[in-house]
Amino acid sequence: MRVVRIVFSTLLAVALLPLVVVMAQDTIDPAIVARIRAEATTHSKVSETFNYITNVTGARPTGSRAHKQAADYLRAKMAEWGLTNSHLEPFEFGRGWELEKFSLEMTGPRYFPLIGYPQAWTPSVKGVVTGTPIYLGDKTEEQITALGPKLRGAIVLASPLQTVFSKKDREQPADTDQPVRIGGPEPPRERQQPAAVATLDMNRLLQQFGAAAVLRPGNVEHGTAIVTGNIATRDDAIPNITLVAEHYNMLLHMIEAGVAPELRLELRVKYQQDDLNSYNVIADIPGEDPVLKNEIVLVGAHLDSWHAATGATDNADGAATAAEAMRILKAIGIHPRRTIRVALWSGEEVGFLGGKAYVAQHLTTQAARDAISVYLNNDPGTGATYGWYMANNAAARTIFDGWLAPLKDLGLKRNVMDSNFTSEDGVFDEAGIPAFTTIMDYGNYDLRTRHTNEDFFEAVSEHDLQQSAMVLAAFAYQAAMRDGKIPRRPAGVPASPRPPQTRAPQPQQPRAPQR
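Rules used throughout
Residues numbered from 1 in each chain as written. Predicted model: local features only at pLDDT ≥ 70, side-chain atom pairs only at ≥ 80, totals over all residues. Heavy atoms only, no water. Helix = DSSP H or I, 4+ residues; strand = E, 2+ residues; numbered from the N terminus. Rg over C-alpha atoms; globule rule 2.2 N^0.38 Å. Buried < 20%, exposed > 50% of the residue type's maximum accessible area, 1.4 Å probe, protein only. Contact = heavy atoms within 4.5 Å. Areas by Shrake-Rupley, 256 points an atom, 1.4 Å probe, with all protein chains shown as cover. Lys, Arg positive; Asp, Glu negative; His and termini not counted. Charge placed at Lys NZ, Arg CZ, Asp CG, Glu CD. pLDDT = per-residue confidence, 0-100. Phe/Tyr/Trp six-rings, centres within 6.5 Å; stacked < 30°, edge-to-face > 60°. Lys NZ or Arg CZ within 6 Å of the ring centre and 35° of its normal. Polar contact = N/O pair within 3.5 Å; in protein donor to acceptor, adjacent residues only side chain to side chain.

1. Some details on the overall build of the chain
A count of helices and strands for the chain gives 13 helices and 16 strands. Computed over the C-alpha atoms, the radius of gyration of the chain is 26 Å, within 12% of the 24 Å expected from 2.2 N^0.38 for a compact globule of 515 residues. Expressed along its principal axes, the backbone C-alpha trace of the chain runs to roughly 100 × 50 × 40 Å. Taking all 515 residues of the chain together, the buried fraction comes to 54%. The contacts of the chain with a sequence gap of at least 6 include a subset with a gap of at least 24, amounting to 86%. Of the roughly 21700 Å² that the chain leaves accessible, carbon and sulfur atoms contribute 54%. Taken together, the 51 basic and 57 acidic charged side chains of the chain have centroids lying 2 Å from each other.

See the structure below:
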């Protein structure tokens, strides 16, 4: 009996040996973490980088000179910090777009400056346009057609009063076991009354009849406007402008009261056609292990932004902290087994184009895809990092949980099994690469800063930038040092363990200004 027990114990020990080895190599290195923390706080450059990206270059639409300026700056900085092969990697994009002049004012019956922003890639308005706007939000296609000649050169109010607003940011995914909506907050239960004619049809009619510009309201409150754009907008399209909802509604309420507002509009844009490329910024800390040095731990964040502010939380903070994580690792003199590469993407806001270009240029074979150990993405939300979206990869989550636990004093909370895939993490997951994105704060992000006119430098604290850089550095280092690559999600396993929750909006009674 004793012999049987000895044999059983020996077999059990042998069976558990791989697990013990895995647990040992997936325990975070406290000495390295201590050095990361010291470098990140004592010699931090992240605020300097963040300030340049936001306040010096400003908004960075893909293909713009400002985006190229920010990319050149980061390439030069990473070379200065000692990273290897810091360079810009071009991909074909098309023409860029820049706003040169915009002014929208109510000049009568009193003066009032209106807050609004043209959609990106919208064309210029010819000269300065003045006059009483024409309200079409309740008009049918036949009624709009009947107005025909009156629309030529006119400023058009195309939507009914904005009475339904998104009011609540998403829950913090690391704080709840309930599904958290991906991509934005839950839509309001009440449904906003739409215009009688759909947007595309309205734009077609206004273009046909020669209207000068069309104004529409945003769907958030308190002087905030969400402003994006469409790179496929044609030169002869009707210029589209988004007003903050309160100012748009003010104009309609005046019309309701029988008072005709007078507006003055000036809009001048420039298309960048000298260089039809956009650029990812790439830099490395080379691996040193003879066997593993050609494998890559890829850390990424997008550098491009929309144009109504300076893109601080989406995503200058992500780009600055990704670059800072690389600076920290280089400064403390690590000797990674795998190569650690940073990629600061362009074109994320217009369809993840930078990430897709990288996959198309570098990952066309299975061997090339297999060489990417993991992709770590830094984008959704703002502020500190709380954990990772693990894309339903249980084996990878076990590893990441081991790395997260000793860092909880930094504010990390937990990893979740959901995927996010509203950034380049989805691009790399689709290519079969383990791809995970940070869990950050949605408070004051969904409805106040993301893609809005409020996304400025002050929305992010230096402390949070430093913490996020520490987390990226620690996880990139651990991934570069472990014996094996990060496990792939098994074939056939979906990227999310839970189906998305949907909620049907309730109809609202129509309301339109009357004269």
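2. Some remarks on the confidence of the model for the chain
Taken residue by residue, the chain gives an average pLDDT of 92. The fraction at 70 or more is 92%. For residues 501-515, every residue scores under 50 in pLDDT, and the model assigns this stretch 37 contacts once sequence neighbours within four places are set aside.

3. So, the packing of aromatic side chains
Scanning the entire structure with this criterion turns up 16 aromatic pairs. Seen from their ring centres, tryptophan 345 and tyrosine 358 are 5.6 Å apart, and the 75° between their planes marks the pair as edge-to-face. Of this pair, tryptophan 345 sits in strand β13 (residues 339-345) while tyrosine 358 sits in helix α9 (residues 353-362); the two residues are 13 residues apart in sequence, bridging distant segments of the chain. Just as tryptophan 345 is buried, tyrosine 358 falls in that class too. In this structure an aromatic cluster arises from ring pairing among Trp388, Phe400, Trp403, Phe436 and Phe475. Above the face of the tyrosine 386 ring, lysine 413 is positioned so that its terminal group lies 4.4 Å from the ring centre.

4. Some details on the side chain of asparagine 453
Along the chain, asparagine 453 falls in the loop between β16 (435-441) and α13 (462-481). A polar side-chain atom of asparagine 453 sits 3.1 Å from the main-chain carbonyl oxygen of glycine 223. Within polar-contact distance, the side chain of asparagine 453 engages the backbone nitrogen of alanine 225 at 2.8 Å. Apart from residues no more than four positions distant in its own chain, asparagine 453 is found in contact with Ile115, Tyr117, Gly223, Thr224, Ala225, Val244, Ala308 and Ala309.

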